Amino acid sequence: MLTFLLGRIFLTIPVMAVVSLVVFSLLYLTPGDPAQLIAGEMATENDIAALREQLGLDQPFFVRFATWVAHVLSGDLGTSIYSQLPVGTVIAQRLGATLWLACATVIISTALAVPAGVAAAYWRGSRMDRIIMAMSTLGFSVPIFVVGYLLIFAFSVKLKWFPVQGFVPPGENLLGFVRSITLPALSLSLVFVALIARITRASMIEVMSGDFVRTARAKGLRPSRIVWVHSLRNASLPIVTTIGVGIANLLGGVVVTESVFGIPGLGRLLVESVLSRDYPMVQALILLFALAYVLINLITDILYMLIDPRLRT
Amino acid sequence: MNSMLSLTQTQRMLRHNRAAAIGLVILILFVLVAIFADLIAPYPPSAANSIDRLQGPSTAHWFGTDQHGRDVLSRVVVGTRSSIIVGFGATVATLLLGTVIGLLSGYFRVLDWVLMRIIDGLMAIPAILLAIALMAISRPSLFNVIVAIAIADSPRTARLVRSIVMSTRGALHVDAARLAGIGHVKIMLKHLLPGTFGALAVKGTYVFASAIIVEAVLSFLGLGLPPTVPSWGNIIAEGRLYFQIYPHMVLFPAVILSVLVLSINMVGDALRDLLDPRMKWE
């Protein structure tokens, strides 16, 4: 098990190496002179030349890449061109909102999708099953920002249950937090509800046709116990993987959701940084998102092993 | 039990085909609208009229007007063209790029290791974020949006093609071709490529749907097509400022976008069941 674990962790290294090369190349390929951009409009030729030397921009590609990687590894992500603050500081300010949004989304999607998938599997072929599966196809097709605006229109503009925009941290006002996070998390979760419900259904159908389910039924166990305890536990492997993959892909949706709902998180920060051509910020954010993606996949694999004792040898 | 199962399966297939037929008709309608957009649009899409600003839906303006008094229906109709062109262009580019990389990687073991490490790295960056990052270093234009989407989407296609090629590489007819002295390129194109067509057709429909969404998202964020080009994402981006009082500018293009994506997915699901039973959900 330890060798598997170490091997799996080791596998993330080449991935992150390629990611950092891609992310670094982004700045390298940028049209225009970064020194000019950092120095601003008012800088003289000499200022820019000095800055270029100071930043090491006159060095060859791989020297610059190595220097950059060394800086990143020591925790120095550079300085934001836009705010002149260290990139790490700005990211720390914005991280909270995104983490809360992601947590709320995972909770909502799991809470909605697993029961829906189980119900669809239990009453397979019924009208209920068909409705749940049709909703799931719909969930795959409606883009996040469309869901977001439809929800805002119905629940914020018409019913006035939720605020239209903005984010309240939970430390400030718990009720305000719940009100501000519900609609964004709901629109972000739709596609994952669709995905997780499908996998849950497929996995439950497979498990419930197993011999041990027939035995449990013959033993006279309550159907609810057979479904929720016996079957779901055995069906949970692909479900956990899908939730893991879901969280990893959620990172892309965060950008859109935060823009629609005006949440000051990392996704919003990425869009702002791209629009203001704040390249150090863009690099750091893409790197961070990729690192999160790789780590979530790693954790999913480890969880997979913990759930299934057969893999623990 | 068995006969019941096959009955529900048949019913499901029939229903699926009906869904596919509906999806296909809607998709063809969208393509026709894109081709004949200039004839269908009741007004020129950029004709401003300050008297008719920000009107709700009416008989003169079915989808209402925007903040410059431009007819939203006309802009949505012409915007269909942007969506279809980007969707089509990005799909062709993604499939081409992905197939070339996948063929090379699946056929030449030496190349495989290097190419797959690059693919793994690219796949660790969520596609939409990679597209955003690529748009950060290029100007907003139709061509750049297509390239950005193709680069972001092609790693997944490459993996698919690679896995098929690796499973057919050892087949007898491929060995025979190799022994007959046929060149690598010809083996790849004549004996390995045809095996990927079914999976590629299915993949293509999903790439088409996702490219249309990504274009709308990029334009919505201000990173896609230039604001002068009517596209659904641009219309929604402009409309969001007035959303609370005049939601029609956002809701009409948003719903139309969803209908197009849904119709493509319905066609894709049917194609998947037909051509690639391995990818079936059930």
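Residues numbered from 1 in each chain as written. Chains lettered and ligands numbered in written order. Predicted model: local features only at pLDDT ≥ 70, side-chain atom pairs only at ≥ 80, totals over all residues. Heavy atoms only, no water.

### A few points about the overall build of chain B
Secondary structure summary: chain B contains 11 helices and 0 strands in total. If one aligns the C-alpha atoms of chain B with their principal axes, the spans along those axes are about 75 × 55 × 30 Å. Burial statistics for chain B: of 282 residues in total, 51% are counted as buried. Working note: accessible area of chain B is about 12900 Å², and carbon and sulfur atoms make up 71% of it. Side chains of chain B carry 22 positive and 14 negative charges; the gap between the two charge centres is 8 Å. (Helix = DSSP H or I, 4+ residues; strand = E, 2+ residues; numbered from the N terminus. Buried < 20%, exposed > 50% of the residue type's maximum accessible area, 1.4 Å probe, protein only. Areas by Shrake-Rupley, 256 points an atom, 1.4 Å probe, with all protein chains shown as cover. Lys, Arg positive; Asp, Glu negative; His and termini not counted. Charge placed at Lys NZ, Arg CZ, Asp CG, Glu CD.)

### Things to note about the interface of chain A and chain B
With 49 residues of chain A at the interface, the matching set in chain B holds 46 residues. Summing the contributions of chain A and of chain B, the shared interface buries around 4100 Å²; its carbon and sulfur component is 77%. Broken down residue by residue, the surface that chain A buries against chain B is led by A:S141, A:F145 and A:Y149, which jointly contribute 15%. At the surface where chain A touches chain B, the tally comes to 0 salt bridges. In this assembly, chain A and chain B are joined by 5 residue pairs in polar contact (both at pLDDT 80 or more). In terms of residue class, the side of chain A that touches chain B is built from 38 nonpolar, 5 polar and 6 charged. (Contact = heavy atoms within 4.5 Å. Buried area = accessible area lost by both parts, 1.4 Å probe. Salt bridge = Lys/Arg side-chain N within 4 Å of Asp/Glu carboxyl O. Polar contact = N/O pair within 3.5 Å; in protein donor to acceptor, adjacent residues only side chain to side chain. Nonpolar A, V, L, I, M, F, W, Y, C, P; charged D, E, K, R; others polar.)

### Some details on the nonpolar core
Among the nonpolar cores identified, the biggest contains 137 residues, and A:V19, A:F145, A:L270 and B:I132 are the most heavily contacted of them. A domain-level breakdown of this core finds at least three residues from each of domain 1 (2-73) and domain 2 (87-312) of chain A. Ignoring sequence-local partners within four residues, the contact set of B:I132 consists of A:V255, A:L270, A:V274, B:L218, B:L221 and B:L223. If you look at the next biggest cluster of nonpolar residues, it comprises 12 residues, including B:L95, B:L103, B:V165 and B:V174. (Core = buried A, V, L, I, M, F, W, Y, C linked by side-chain atoms within 4.5 Å. Domains from an automatic or database assignment.)

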